[in-house]
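Spelled out from the first residue to the last, the chains are:
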Amino acid sequence: MAAGIRLALAFSLMSISAFAQQKWEEKQLGELVRVVQKGGQTLGYSTSSGVKLITKDGFAFKDLN
């Protein structure tokens, strides 16, 4: 297999595995964002609050710093 094809395949597999590990999705409701997690807490925040999300083991958490 050519080096370029191997590299493209490796990046594709990394992208797929990273996506498969995410256990949450965001739903925007006007100015509010609701983060629904499979097997975790539901989070909410205002888009004007400046809150950012961080992830650990596929779950989302609010970064309040």
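Look up: the structure comes first, before these words.
Since the model is a prediction, treat every value here as computed from it, not as a measurement.

*Asks:* Quick one: what's the story with the overall build of the protein chain, residue by residue and with numbers?
*Replies:* Looking only at helices and strands, one finds 1 helix and 5 strands in the protein chain. Helices and strands in the protein chain line up, N terminus first, as α-β-β-β-β-β. Taking all 65 residues of the protein chain together, the buried fraction comes to 15%. Sequence separation of at least 24 residues holds for 17% of the intrachain contacts in the protein chain that already meet a minimum separation of 6.

*Asks:* Lay out the pattern of salt bridges in plain terms, naming residues and giving numbers.
*Replies:* Taken as a whole and judged by the stated rule, the model has 1 salt bridge. Its salt-bridge partner being Lys27, residue Glu25 comes within 3.9 Å of it at the nearest N-O pair.

*Asks:* Tell me what's going on with the pairing of strand 5 (residues 59-63), and back it up with residues and numbers.
*Replies:* Bridge count between strand 4 (residues 52-56) and strand 5: 5 bridges; the pairing is antiparallel. Following the sheet pairing, Thr55 is matched in strand 5 by Ala60. Counting the residues between successive antiparallel strands, the hairpin from strand 4 to strand 5 contains 2 residues, one of them, Asp57, with a positive phi of roughly 55°.

*Asks:* I'd like to hear about the sheet that holds strand 2 (residues 32-37), residue by residue, with values.
*Replies:* Here 3 strands make up an open sheet; going across it, the order is 1-2-3 and the pairing antiparallel. Both outer strands of the open sheet, strand 1 (24-29) and strand 3 (43-46), are each paired with one neighbouring strand and no more. Pairs of neighbouring strands in the sheet enclose a mean axial angle of 20°, with direction left out of account. Relative to strand 3, strand 2 runs antiparallel, the two being bridged by 4 bridges. Its bridge partner lying in strand 3, Val35 is registered against Leu43.

*Asks:* An account of the side chain of Ser46 is requested, with residue identities and associated values reported.
*Replies:* Within the fold, Ser46 resides in strand 3. Note on Ser46: relative accessible area 17%, which makes it buried. Within the local environment of Ser46, its side chain forms a polar contact with the side chain of Ser48, the two groups lying 3.0 Å apart. Aside from chain neighbours lying at most four places away, what touches Ser46 is Glu31 and Leu32.

Cut-offs used in this document
- Residues numbered from 1 in each chain as written.
- Predicted model: local features only at pLDDT ≥ 70, side-chain atom pairs only at ≥ 80, totals over all residues.
- Heavy atoms only, no water.
- Helix = DSSP H or I, 4+ residues; strand = E, 2+ residues; numbered from the N terminus.
- Buried < 20%, exposed > 50% of the residue type's maximum accessible area, 1.4 Å probe, protein only.
- Contact = heavy atoms within 4.5 Å.
- Salt bridge = Lys/Arg side-chain N within 4 Å of Asp/Glu carboxyl O.
- Pairing = 2+ DSSP bridges.
- Axes fitted to C-alpha atoms, helices over the stretch in contact; angles between N-to-C directions.
- Polar contact = N/O pair within 3.5 Å; in protein donor to acceptor, adjacent residues only side chain to side chain.

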